[in-house]
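A structural walkthrough
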Amino acid sequence: MTAQTAEISRFEAIARCALEQYDVAAGEVMFIGKSDGVLFRVRPTSNGEEYALRLHNGVGEYRPEAYSQLLVIESGLLWLEALSSDTGLVLQQPLRNRNGGLVSTVYEHGGKEAVLCSVVTWVEGEPL
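Residues numbered from 1 in each chain as written. Predicted model: local features only at pLDDT ≥ 70, side-chain atom pairs only at ≥ 80, totals over all residues. Heavy atoms only, no water.

Turning next to the overall build of the protein. Within the protein, the regular secondary structure consists of 2 helices and 5 strands. Ordered by position from the N terminus, the helices and strands of the protein form the series α-β-β-β-α-β-β. Buried positions account for 33% of the 128 residues belonging to the protein. Counting only contacts in the protein whose residues sit at least 6 apart along the sequence, the fraction spanning at least 24 positions is 50%. For the protein, the accessible surface area stands at approximately 7,800 Å², while carbon and sulfur atoms represent 54% of it. (Helix = DSSP H or I, 4+ residues; strand = E, 2+ residues; numbered from the N terminus. Buried < 20%, exposed > 50% of the residue type's maximum accessible area, 1.4 Å probe, protein only. Contact = heavy atoms within 4.5 Å. Areas by Shrake-Rupley, 256 points an atom, 1.4 Å probe, with all protein chains shown as cover.)

The next point concerns the confidence of the model for the protein. Interpretation of the predicted coordinates at a detailed level should be avoided for regions scoring low in pLDDT. Of the residues in the protein, 88% have a pLDDT of 70 or more, and the chain-wide mean is 86. Put simply, helix α2 (residues 66-86) is where the protein has its lowest mean pLDDT, 87, and strand β3 (residues 51-55) is where it has its highest, 95. (pLDDT = per-residue confidence, 0-100.)

A full pass over the atoms with the stated rule returns 8 salt bridges. Here Arg43 ties to Glu28 by a salt bridge, and the two come within 3.6 Å at their closest N and O atoms. Within this pair, whereas Arg43 is found in strand β2 (residues 38-44), its partner Glu28 is found in strand β1 (residues 26-34), the two being separated by 15 residues in sequence. By relative accessible area, which is 31% here, Arg43 ends up partly exposed. Given a relative accessible area of 39%, Glu28 falls into the partly exposed group. One salt bridge connects Arg41 with Glu124, and the closest N-O pair in it is separated by 2.4 Å. Pair noted here: Arg41 is in strand β2 and Glu124 is in the segment after β5 (113-121), with a separation of 83 residues, a long-range link. Take Glu124: its relative accessible area is 59%, and that puts it in the exposed class. What you see here is one network of salt bridges that share partners, running through Glu28, Arg41, Arg43, Glu50 and Glu124. (Salt bridge = Lys/Arg side-chain N within 4 Å of Asp/Glu carboxyl O.)

In terms of nonpolar packing, the biggest core is built from 18 residues, with Ile14, Leu19, Phe40, Leu53, Leu55 and Cys117 touching the most fellow members. The set of elements that each furnish at least two residues to this core consists of α1 (3-19), β2, β3 and β5. Formed by 8 residues, the second largest nonpolar core is a distinct cluster that contains Leu77, Leu102, Val103 and Val120. (Core = buried A, V, L, I, M, F, W, Y, C linked by side-chain atoms within 4.5 Å.)

Below, the structure written as structure tokens:
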């Protein structure tokens, strides 16, 4: 197993743990890519809706600014939620977790490292 394959497997395990916090019966979880976060496409087993799951910045890193990062992520998702409900635009809609939150936390390495995660509906499109 290459280092890249091992890293993707680790990210997929985090993604599956994050999905346990949502009402999504994950069937297929496909790695899309990594840049400032890690993105997966999720095809649930229960319905035809697909989702994008994002592991946010600093996966596996200690980040003292994690709380402010949480507020920034939540703010962006609240804005997206408002745009989705108040306009006729075709946009991703944030999915709230079972606790009603927009951001979920998965802990790695015995609870020492927190990974912030979010889920939005998948919208087909073309890269610009």
